[in-house]
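Architecture at a glance
Here is what each chain is made of, one letter per residue.
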Amino acid sequence: MAYVVTDECIGCKYTDCVDVCPVACFHEGPEMLYINPEECIDCNACVAECPPEAIWADVDLPEEKLQWIEINGEMSAKYPVLHESRGPHGEPSSQSS
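Since the structure is predicted, the reported quantities are computational estimates derived from the model, not experimental observations.

Once that is clear, we can look at the overall build of the protein. When helices and strands are tallied, the protein shows two helices and four strands. Traced from its N-terminal end to its C-terminal end, the protein shows the element sequence β-α-β-β-β-α. A burial count over the protein gives 35% of its 97 residues as buried. Long-range contacts, defined here as pairs at least 24 residues apart, represent 71% of the contacts in the protein between residues at least 6 apart. With an accessible surface of roughly 5,800 Å², the protein has 50% of that area assigned to carbon and sulfur atoms.

Rendered as structure tokens:
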């Protein structure tokens, strides 16, 4: 099993899911994020951090969203890993220590 980002993420500026991912499996495309299914360890941490509820376990996807399994695999190979969340306008978030 792996987690999958679906169409609810298109145009979304929230990237809090990235900060809780222990293996850096999120990739940033021009319009949305993708999860690399080979890197995802199925920890479920990202699901609760996704306000548009765009992240699903691949085994729980409704039939009309099954194509997102393949899309995430293809697009995560094409785009770079996102290592930290972004602010509301796509800027790296400032983290206080």
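Back to the write-up after that little detour.
Moving on: the state of the cysteines. As enumerated under the stated definition, the model contains zero disulfides in all. Among the cysteines around Cys 43, which has no disulfide bond, Cys 21 carries the closest sulfur, lying 6.1 Å off. According to the relative accessible area criterion, Cys 43 is partly exposed, its value standing at 40%.

Let us now look at unusual backbone geometry. Even without being glycine, Ala 24 reaches a positive phi, approximately 55 degrees. Following the sequence through the fold, Ala 24 ends up in the loop between α1 (16–20) and β2 (26–28). Note on Ala 24: relative accessible area 30%, which makes it partly exposed.

Structurally, Lys 65 is set in the loop between β4 (55–57) and α2 (67–78). For Lys 65, a relative accessible area of 10% translates into the label buried. Distance in space between the C-alpha atoms of Lys 65 and Val 4 is 9.7 Å, their sequence separation being 61 residues. What Lys 65 contacts, discounting residues up to four positions off in sequence, is Thr 6, Asp 7, Glu 8 and Trp 56.

Our focus in this paragraph is the nonpolar core. When a protein is soluble and globular, its nonpolar side chains tend to lie buried together. By size, the foremost hydrophobic cluster in this structure holds 23 residues, and its most contacted members are Val 5, Cys 17, Phe 26, Leu 33, Ile 35 and Ile 55. Looking at this core, the elements with two or more residues in it are β1 (3–5), α1, β3 (33–35) and β4. With residues near it in sequence (within four places) discarded, Val 5 still touches Phe 26, Met 32, Leu 33, Tyr 34, Ile 35, Ala 54, Ile 55, Trp 68 and Asn 72.

With respect to the secondary-structure elements, Ala 2 resides in the segment before β1. Residue Ala 2 is classed as buried on the basis of its relative accessible area, which comes to 5%. Spatially, the C-alpha atom of Ala 2 lies 5.4 Å from that of Asp 42, the residues being 40 residues apart in sequence. Each residue touching Ala 2, except ones within four places of it in the same chain, is listed here: Pro 37, Cys 40, Asp 42, Trp 56, Ala 57 and Asp 58.

On to the side chain of Ser 85. Structurally, Ser 85 can be placed in the segment after α2. Classification of Ser 85 by relative accessible area gives buried; the value is 3%. A polar side-chain atom of Ser 85 sits 2.7 Å from a polar atom in the side chain of Asp 19.

Reading the values: the criteria
- Residues numbered from 1 in each chain as written.
- Predicted model: local features only at pLDDT ≥ 70, side-chain atom pairs only at ≥ 80, totals over all residues.
- Heavy atoms only, no water.
- Helix = DSSP H or I, 4+ residues; strand = E, 2+ residues; numbered from the N terminus.
- Buried < 20%, exposed > 50% of the residue type's maximum accessible area, 1.4 Å probe, protein only.
- Contact = heavy atoms within 4.5 Å.
- Areas by Shrake-Rupley, 256 points an atom, 1.4 Å probe, with all protein chains shown as cover.
- Disulfide = S-S within 2.5 Å.
- Core = buried A, V, L, I, M, F, W, Y, C linked by side-chain atoms within 4.5 Å.
- Polar contact = N/O pair within 3.5 Å; in protein donor to acceptor, adjacent residues only side chain to side chain.

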